[in-house]
Amino acid sequence: MKKYIFLIILMGFISLGYAQNTISGTIKNQNNAPISNVEISILDATLQTKSNENGQFEIKNLPIGKRTLIFKKDKFEIKSQQISIGNQEQKILDIILEEEDHQIDEILVSSLFNKTQNENVVKIDHINLKQIQNEGFVNLSDALATNPGVNVISTGVSIGKPVIRGLSGNRVLTYAQGIRLENQQFGEEHGLGLNANGQESVEIIKGPASLLYGSDAMGGVLYFNPEKYAANNKTELAVNQFVNSTTQGINTSVTFKNSVDKFKFLVQNNFASHADYKLPNGERVLNTRFTEKDFKLGTSYVTSRYTADFRYNFNDLNLGLPEENLENFGFRTPLFPSQKIENHLLSFNQKLYFKNSKLEATAGYVFNDRKELESQDETALFMKLKTFNYNVRYYLPDFGKFETIIGFQGMNQENRNFGEEKLIPDAKIDDIGFFGTTQYKFNKNIIQFGLRYDFRNVTTKAFGENGTEGAFQELDKNYESVNTSLGFKTDVTDKITSRINFATGFRAPNLSELSSNGVHEGSNRYEIGNSNLKTEQNFQVDLNVDYNTEHFDFFANGFYNHINNYIFISPNGNTIDANFVYDYLQNNAVLYGGETGIHLHLHEIDWLHMTSSYEMVIGKLENNLSLPLIPANQWKNNFRANFDVSKNIKNSFVFLQANYTFNQNKIGDFETKTNDYLLLSTGIGTDIQLKKATFNLFLTATNLLNKQYVAHLSRLKSDGIDNMGRNIVLGVNFNL
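Bear in mind that the values here come from a model prediction, so they are computed numbers and not experimental data. (Residues numbered from 1 in each chain as written. Predicted model: local features only at pLDDT ≥ 70, side-chain atom pairs only at ≥ 80, totals over all residues. Heavy atoms only, no water.)

**A look at the sheet that holds strand 13 (residues 199-206)**
Working definition: the strands of a sheet are paired by backbone hydrogen bonds and lie parallel or antiparallel to each other.
1) Next: Strand order in the open sheet formed by five strands is 8-13-14-11-12, with mixed pairing between adjacent strands. Sheet topology places strand 8 (124-128) and strand 12 (179-180) at the edges, where each strand pairs with a single neighbour.
2) Next: Summarising the sheet, strand 11 (residues 172-176) and strand 14 (residues 220-226) pair through five bridges and their orientation is parallel. Within the sheet, the bridge partner assigned to Leu173 lies in strand 14 and is Val221. (Pairing = 2+ DSSP bridges. Helix = DSSP H or I, 4+ residues; strand = E, 2+ residues; numbered from the N terminus.)

As structure tokens, then:
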């Protein structure tokens, strides 16, 4: 079976030299004036261009069949238009864009049918990472936490692990370059392993997404969209430089893009270096320093019948781990103990277009090397994780108002140990899943239904003498699950949209939960696994209501998530070598809560935007004890002014954020309560146009009042270490 899967994915879908299709046209505003620099892209292909000064555009090698074109420009409403195009066909379009001071609709790559938000049954949040970088975030996870319902488990400023509605780790799946990112994410001190540079945007699915992604997607999915290629027959160069005051950090990025007819190419090099971060009292937290090297490469080939996209990403992160009694020397080079993590991501996506259908296949390899170093000559932990992903989907021809997708996907994974200690055993994991989903649209309503079957096999090698620390038993475990989803979306009125979704999800126990037997240095616990753990299975109900007018938006999201056989860790009262002993246990659990918010931009002062959101989540075991690592309730507020100063100084902004975090008294067995706190941030920036070059400048300050606080999900909280003090960030972006 594996041989045939490999052949299907890597066969290349050889292009037979079909004649090219062309689409061209003119884009104007409501007053019939041409609009320049409108981004025009094809939803499911790596094709994009921009309109010229006369509003004209042209795209060659357009894939045949039904295609969706996206027209996008700041201060105009995003427009999507579906066309049907045959072989050797040329089409001419006249497009009218309506002026809109803010955009509420986005294209969702992570959704089943790649629809816009307004056409999608499941509410998926979209964050433009290119735009949010000017708010002064040191790491990628903090940027994600701006979204209501998303938080972060942090270890200083170098490690951030996203939390979606109270679930994290192996319950939240991360996709990058279209493939599943595997990097030993079971550990609380194991971060994303992604650099924010080179990520165009991220889409956040809150709730079970096992129908699309299989095991581990029961809590949600983070789907990162890589940076786009240059517009047709264009060459682009970008240089970005950020400096941080509190960490004395630098972040440099250089990107080169070139697009010629059917071929596209990009290369990017990133480097970041941060010293120990400073507390509000002026002291520095020793060994929170880190350096990061990141390299990205991409190339794409497009014809009217076939598209291919190859991406490669290398990420090298070297970070210190704060501990007592460290000798302070050096400046940026991490002291010991430290972590050194290398990630290699290779992905290959192919699409073959037929007259009324499409076949898509994605293959990916992830190489993750994780070392924990006690000294220059002592590698305490060294794990090599190799993961092969595959995903094949066939988009069937439309049958009336029905759209249907069938497919299969899976994963082959191997973990091996080379260090002095073993946190998890040498093991192999094999996944395969088969799914089908259909969508029916009638009037202003959409119904979506899907069904999926998954099978996972886990085998581990025995090691050591049974009953001693660091020993592992041989395991051969099989897990399977059937999951389904049902969603309904309706436009109650022209301004009110409502969605309700029912979905199940599952998660097989990870290697740490099944077989741990020793001290987990990252959490200072002696952990004992349980080979008899069952598969977690959840059922979630989501309800969403959106109210959108020209100058006021409102949303309300509510969820109820019941999890059978929820796996958690709990102290058993014993100690081994002065470390408290923790067991992995199971019990039913429930999480519930939601998010609500507004966006106000008055007609008289439509340059001013005011957003406010409130989020909460409550998590309990069946015995009414609180779940650990549940974020505190938050109230987030943002006041932002957008304006143009002159013809050459545009997209200027000033913002002020006020985020209030409530106290957290509902805690797990090994947690302590956390006090409330208010954080203020502010910033100013602008674009400066100089002939064909554009400079973007911004200056931001986070924790403006230098507030002394500790976040509930900070892993340094137990050591009495506060979060970072005031941080001033200066950024300069140059685009040619």
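**Observations regarding the side chain of Asn703**
1) Next: Residue placement: Asn703 occurs in the loop between strand 37 (693-702) and strand 38 (727-735).
2) Next: For Asn703, a relative accessible area of 5% translates into the label buried.
3) Next: Contacts of Asn703, omitting those with residues within four sequence positions, involve Leu679, Leu680, Ser681, Tyr709, Met724, Gly725 and Arg726. (Buried < 20%, exposed > 50% of the residue type's maximum accessible area, 1.4 Å probe, protein only. Contact = heavy atoms within 4.5 Å.)

**Digging into the confidence of the model for the protein chain**
1) Next: On average, residues of the protein chain carry a pLDDT of 88, and 95% of them reach 70 or more.
2) Next: This model gives residues 13-19 a pLDDT under 50, and the stretch forms 16 contacts once residues within four places in sequence are excluded. (pLDDT = per-residue confidence, 0-100.)

**Comments concerning the sheet that holds strand 1 (residues 22-28)**
1) Next: On the basis of which strands lie adjacent, the open sheet formed by three strands has the order 4-1-7 and mixed pairing. The open sheet terminates on both sides in strands that have one partner only, identified here as strand 4 (56-60) and strand 7 (90-96). Adjacent strand axes in the sheet meet at a mean angle of 20°, parallel and antiparallel pairs treated alike.
2) Next: Sheet analysis places strand 1 next to strand 7, joined by seven bridges and oriented parallel. From the neighbouring strand, Ser24 faces strand 7, where its bridge partner is Ile92. (Axes fitted to C-alpha atoms, helices over the stretch in contact; angles between N-to-C directions.)

**Quick notes on the environment of Leu144**
1) Next: You can see Leu144 is positioned in helix 3 (residues 140-144).
2) Next: By relative accessible area, Leu144 is classed as buried at 0%.
3) Next: A sequence separation of 78 residues divides Leu144 from Leu222, and the C-alpha atoms of the two residues are 9.3 Å apart.
4) Next: Each residue touching Leu144, except ones within four places of it in the same chain, is listed here: Ile127, Val150, Pro162, Leu192, Val202, Leu222 and Phe224.

**Overview of the pattern of salt bridges**
1) Next: The full count for this structure, using the stated rule, is 24 salt bridges.
2) Next: One salt bridge connects Lys351 with Glu360, and the closest N-O pair in it is separated by 3.9 Å.
3) Next: Among the ionic pairs, Arg499 bridges to Asp546, the shortest N-O distance being 3.2 Å. Taken together, the positions of Arg499 in strand 27 (residues 496-507) and Asp546 in strand 30 (residues 536-548) put the pair 47 residues apart, joining distant regions of the chain. The residues Arg499 and Asp546 share a single accessibility class, namely buried.
4) Next: Within the structure, one salt-bridge network assembled from shared partners comprises Asp125, Arg165, Lys206, Asp542 and Glu595. (Salt bridge = Lys/Arg side-chain N within 4 Å of Asp/Glu carboxyl O.)

**Overview of the pairing of strand 31 (residues 552-576)**
1) Next: Where strand 30 meets strand 31, twelve bridges bridge the pair, whose relative direction is antiparallel. Bridge pairing links Asn544 to Asn557 in strand 31.
2) Next: Bridge count for strand 31 against strand 32 (residues 579-600) is 20 bridges, and the pairing is antiparallel. Bridging across to strand 32, Tyr560 finds its partner in Tyr592.
3) Next: Connecting strand 31 to the next strand, strand 32, in antiparallel fashion are two residues, including Asp577 with a positive phi near 55°.

**So, unusual backbone geometry**
1) Next: Cis geometry marks the peptide bond from Phe336 to Pro337; its omega dihedral reads 5°.
2) Next: Among the structural elements, Pro337 can be located in the loop between strand 19 (306-320) and strand 20 (338-353).
3) Next: Although it is not a glycine, Asn37 sits at a positive phi angle of roughly 60°.
4) Next: The residue Asn37 is located in the loop between strand 1 and strand 2 (39-42) in this model.
5) Next: Given a relative accessible area of 47%, Asn37 falls into the partly exposed group.
6) Next: The phi dihedral of Gln248 falls on the positive side, at around 50°, and the residue is not glycine.
7) Next: The exposure class assigned to Gln248 is partly exposed, which follows from its relative accessible area of 33%.

**Quick notes on the packing of aromatic side chains**
1) Next: Inspection of every chain in the model, using the stated rule, returns 24 aromatic pairs.
2) Next: Geometrically, the ring pair formed by Phe263 and Tyr301 is tilted, given 5.0 Å between the ring centres and 45° between the ring planes. Of this pair, Phe263 sits in strand 17 (residues 263-274) while Tyr301 is found in strand 18 (residues 290-302), placing the two residues 38 residues apart along the sequence.
3) Next: Among the aromatic residues, those joined into a cluster by ring pairs are Tyr365, Phe367, Phe388, Tyr390, Phe408 and Phe434.
4) Next: Sitting over the face of the ring of Phe670, Arg525 holds its NZ or CZ atom 5.3 Å from the ring centroid.
5) Next: A cation over a ring is seen here: Arg640 above Phe653, with NZ or CZ 4.4 Å from the ring centre. (Phe/Tyr/Trp six-rings, centres within 6.5 Å; stacked < 30°, edge-to-face > 60°. Lys NZ or Arg CZ within 6 Å of the ring centre and 35° of its normal.)

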